[in-house]
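A look at the structure
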Amino acid sequence: MFGVEPFGFHPQHGSPLKTKEKKTPHFQRPSWDEYFMDITHLVAKRSTCLRRQVGAILVKDKKILATGYNGAPARLEHCVDIGCLRQQREIPSGERHELCRGLHAEQNAIIQAAYHGVGIRNATLYCTNHPCIICTKMIINSGIERIVYEEGYADELAKAMLKESGIRVERVDRNKRDKIERRRKL
């Protein structure tokens with residue numbers, strides 16, 4: 001077959017493997033913050049809390065170091081199995097943290113990193129909710145430098161201490177992003 005060029009070959013452009021067609025993607029690639037926040041929602045699905053499912057991940061250099069969700073300590077019964085003491089006593093959210101069987105997602109992520117010997121200094125904490133005061137104190141002392149969260153939490157002392165510590169705190173609005181994505185698809 002002399003005189004016939006191989007399929008996809010063009011003498012001026014060379015091999016088809018060397019040329020790339022520029023395609024306009026039909027989707028919007030998420031930013032790193034959006035990507036990691038989406039993962040926190042997957043982690044939160046493991047929660048055993050009856051009141052609120054929270055997920056947290058620790059990230060450094062775009063690598064996930066540890067994950068955590070709220071629930072009872074390892075090898076202990078979970079609230080989904082035996083009930084919630086806080087619910088039974090009608091304790092409002094954000095109060096009397098010591099009357100809970102569970103650990104918070106942020107605590108579990110920090111503990112998981114320590115358990116496995118993973119340094120989290122200068123990491124970013126992604127969390128579905130703003131940290132409470134107990135988690136805030138752990139975050140400050142662990143050397144985490146940035147927090148990205150979605151939903152607020154009624155704990156003014158936590159907000160004040162984070163501001164005083166110099167840790168960058170950023171709120172993202174997943175619902176706003178999801179609405180924009182739905183509009184693009186229409």
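First, a word on what this report is: a plain description of the structure on this page.

The rules we used
Residues numbered from 1 in each chain as written. Predicted model: local features only at pLDDT ≥ 70, side-chain atom pairs only at ≥ 80, totals over all residues. Heavy atoms only, no water. Helix = DSSP H or I, 4+ residues; strand = E, 2+ residues; numbered from the N terminus. Buried < 20%, exposed > 50% of the residue type's maximum accessible area, 1.4 Å probe, protein only. Polar contact = N/O pair within 3.5 Å; in protein donor to acceptor, adjacent residues only side chain to side chain. Pairing = 2+ DSSP bridges. Axes fitted to C-alpha atoms, helices over the stretch in contact; angles between N-to-C directions. Contact = heavy atoms within 4.5 Å. Expected span 1.5 Å × (residues − 1). Arc of directions from axis to C-beta. Parallel < 35°, antiparallel > 145°, perpendicular 65-115°, else oblique. Left-handed = near helix turned anticlockwise from the far one by under 90°. Nonpolar A, V, L, I, M, F, W, Y, C, P; charged D, E, K, R; others polar.

**Here's the deal with unusual backbone geometry**
- Even without being glycine, arginine 75 reaches a positive phi, approximately 70°.
- Summarising the element assignment, arginine 75 is placed in the loop between β2 (63–69) and α2 (79–82).
- A relative accessible area of 81% means that arginine 75 is categorised as exposed.
- Look at glutamate 90: it is not a glycine, yet its phi comes out positive at around 55°.
- Residue placement: glutamate 90 occurs in the loop between α3 (85–88) and α4 (105–115).

**Observations concerning the environment of asparagine 129**
- If you trace the backbone, asparagine 129 turns up in strand β3 (residues 124–129).
- At a separation of 3.0 Å, a polar atom in the side chain of asparagine 129 contacts the side chain of threonine 128.

**Some thoughts on the sheet that holds strand β5 (residues 168–171)**
- Strand order in this open sheet of 5 strands is β2-β1-β3-β4-β5, and the pairing throughout is mixed. Single-partner strands in this sheet number two, and they are β2 and β5. Going from strand to strand, the sheet's axes swing by 20° on average, the running direction of each strand aside.
- Sheet topology places strand β4 (residues 146–151) next to β5; 4 bridges connect them, and they run parallel. Following the sheet pairing, isoleucine 147 is matched in β5 by valine 169.

**A short note on helix α5 (residues 133–142)**
- Among the residues of α5, Ile133, Cys135, Thr136, Ile139 and Ser142 are the ones counted as buried.
- Packed against the buried residues of α5 are α4, β3, β4 and α6 (156–165).

**Notes on helix α1 (residues 32–44)**
- For α1, with 13 residues, the first-to-last C-alpha span of 19 Å sits near the 18 Å given by 1.5 Å per residue.
- Regarding α1, the residues found buried are Phe36, Met37, Ile39, Thr40, Val43 and Ala44. Across the axial projection of α1, the buried residues extend over an arc of 155°, all falling on one side.

**Some points on the packing of α4 against α5**
- In the contact formed by α4 and α5, the axes pass within 9 Å of each other and the chain directions differ by 30°. The angle between α4 and α5 falls in the class roughly parallel. Considering only the axes of α4 and α5, their crossing is left-handed. Between α4 and α5, the contacting residues are Glu106, Gln107 and Ile110 on the first element and Ile134, Cys135, Met138, Ile139 and Ser142 on the second.
- For the contact of α4 with α5, a count of residues per class yields 5 nonpolar, 2 polar and 1 charged.

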